[in-house]
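Residues per chain are reported as follows:
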Amino acid sequence: MIASDTLQDALAEADLRVLLMVLFHMTGDRMWLSEKYRPKRDINLIADEDAGLPPEVQAEVIEAAAAMLADPGAPAVGDPGDDLMVEMMRACLAENVPEDYAQMMREEMGFRNRKVQWSGARPAMRPSPVIIVGAGASGITVAANLEELGIPYVIFEENDEVGGTWLVNTYPGCAVDTPNHAYSWSFGSRHPWSRLFSRRDELHAYMVDRSHEFGLRGNIRFGHKVLQTDWDEDAAEWVVRVESAAGVEVVRGWALISAIGPLSLPRFPDFPGAGDFQGRVFHSNRWPS
């Protein structure tokens, strides 16, 4: 049971597009997909929460949602499947969403298990590990899945902590430009984000916390920079040269995954007159003090 005041406060801030889909998902009543309640197309990055609906229709949706969410029970629809998922997305966005999006969105919403699982008994593992370069968001994601599958891996991270871009970027006002609900892992503990677009410190702390939760820390070699990778055709392995404070070592792995981020190295724009620029040049991840 949701407290009435809390529910009303939440509904006052709700995006009616989402609320309409919640009503259909929970009740199964196709009325909520009909033309009367069809949101207007909005191409803004953050769409207007009223969905372009007339005030009287907005009030009707909120009233119905309040009654349903006060004591919701189990969803009437459950997993909508691909066809109904596409229909719901098209109604929600007032756009002809391609069918290919259905499976991905069902995974994102937890209707369909996205994790890779063994089809039978766990096979014998090769002696060399999977090598992951970089312990940012992508590296952590891959490692968490390998950890769950029991596949040996090692992460080489040139910095002294996880986080990637959220570790090295510290410029004033640094924050995510994607709403937090779309910039967090669909697995692991739910994070109580302090705001819709969180600042760098909170995002970095979130990644550090999850690296502990997912059990990855023992497989991360901090302060290790990958210098060179070569494929050994005869051994069917990657040969990786890694540099650390202890010197350069060679590590072999049967698979190599680059998670370094494509925008981590600065590059000056190439246009006529660019070479005449005399100002200071630096990357955002090397913000001057």
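J.: What is the right way to read the overall build of the protein chain from this model?
T.: Looking only at helices and strands, the protein chain has 8 helices and 7 strands in total. If you line up the protein chain on its principal axes, its C-alpha atoms span 70 × 60 × 40 Å. With an accessible surface of roughly 17,500 Å², the protein chain has 53% of that area assigned to carbon and sulfur atoms. Here the protein chain contributes 26 positive and 43 negative side-chain charges, whose respective centroids are spaced 4 Å apart.

J.: Just checking my understanding: could you explain the nonpolar core for this structure?
T.: What tends to happen in soluble globular proteins is that the nonpolar side chains get buried as a cluster. Counting residues in each nonpolar core, the largest one holds 27 residues, and the members touching the most others are Ile 132 and Tyr 153. Mapped by element, the contributors of at least two residues to this core are strand S1 (130-133), helix H6 (137-149), strand S2 (153-157) and helix H8 (200-213). A total of 5 residues in this core trace back to one element, the largest contributor, which is H6. Residues Leu 7, Phe 24, Ala 66 and Ala 91 belong to the second largest nonpolar core, which totals 25 residues.

J.: Hey, could you run me through the side chain of Asn 285 in this one?
T.: Within the secondary structure layout, Asn 285 lies in the segment after strand S7 (255-258). Overall, the relative accessible area of 10% leaves Asn 285 in the buried class. In terms of polar contacts, Asn 285 uses its side chain to reach the side chain of Arg 286, at 3.4 Å.

J.: Help me out: how do you make sense of the sheet that holds strand S5 (residues 237-244) in this one?
T.: Either a parallel or an antiparallel arrangement is found when strands of a sheet pair, and the pairing is made through backbone hydrogen bonds. An order of S4-S5-S6 is seen for the 3 strands of this open sheet, with the pairing classed as antiparallel. Looking at strand neighbours, the two that pair on one side only are strand S4 (225-232) and strand S6 (247-253), the edges of this open sheet. Averaged over all pairs of adjacent strands, the angle between their axes in this sheet comes to 20 degrees, without regard to strand direction. One ladder, built from 7 bridges, connects S5 with S6; its direction is antiparallel. Within the sheet, the bridge partner assigned to Arg 241 lies in S6 and is Val 250.

J.: Is there a simple way to explain the environment of Ala 236 in this structure?
T.: The residue Ala 236 is located in the loop between S4 and S5 in this model. Between the alpha carbons of Ala 236 and Asp 177 there is a distance of 41 Å; along the sequence they are 59 residues apart. The residues contacting Ala 236, other than those within four sequence positions of it, are Arg 126, Trp 231 and Trp 254.

J.: I'm lost on the packing of helix H1 (residues 4-12) against helix H3 (residues 55-69) in this one. Help?
T.: Two quantities define a packed helix pair, namely the angle between the helix axes and the distance between the axes. Running from N to C, H1 and H3 cross one another at 145 degrees; their axes reach a closest spacing of 10 Å. Where H1 crosses over H3, the handedness of that crossing is right-handed. Residues Leu 7, Gln 8 and Leu 11 of H1 form the contact with H3, whose own contacting residues are Ile 62, Ala 65, Ala 66 and Leu 69. Residue composition of the contact of H1 with H3, by class: 6 nonpolar, 1 polar and no charged.

J.: Looking at this structure, I do not really get the sheet that holds strand S3 (residues 220-222). What am I missing?
T.: What the 4 strands build is an open sheet, ordered S3-S2-S1-S7; its pairing is parallel. The open sheet has two edge strands with one neighbour each: S3 and S7. Within the sheet, the average angular offset between the axes of one strand and its neighbour, ignoring direction, is 20 degrees. The pairing of S2 with S3 spans 3 bridges and is classified as parallel. The residue bridging Glu 157 from the neighbouring strand is Phe 222, located in S3.

Conventions and cut-offs
- Residues numbered from 1 in each chain as written.
- Predicted model: local features only at pLDDT ≥ 70, side-chain atom pairs only at ≥ 80, totals over all residues.
- Heavy atoms only, no water.
- Helix = DSSP H or I, 4+ residues; strand = E, 2+ residues; numbered from the N terminus.
- Areas by Shrake-Rupley, 256 points an atom, 1.4 Å probe, with all protein chains shown as cover.
- Lys, Arg positive; Asp, Glu negative; His and termini not counted.
- Charge placed at Lys NZ, Arg CZ, Asp CG, Glu CD.
- Core = buried A, V, L, I, M, F, W, Y, C linked by side-chain atoms within 4.5 Å.
- Buried < 20%, exposed > 50% of the residue type's maximum accessible area, 1.4 Å probe, protein only.
- Polar contact = N/O pair within 3.5 Å; in protein donor to acceptor, adjacent residues only side chain to side chain.
- Pairing = 2+ DSSP bridges.
- Axes fitted to C-alpha atoms, helices over the stretch in contact; angles between N-to-C directions.
- Contact = heavy atoms within 4.5 Å.
- Left-handed = near helix turned anticlockwise from the far one by under 90°.
- Nonpolar A, V, L, I, M, F, W, Y, C, P; charged D, E, K, R; others polar.

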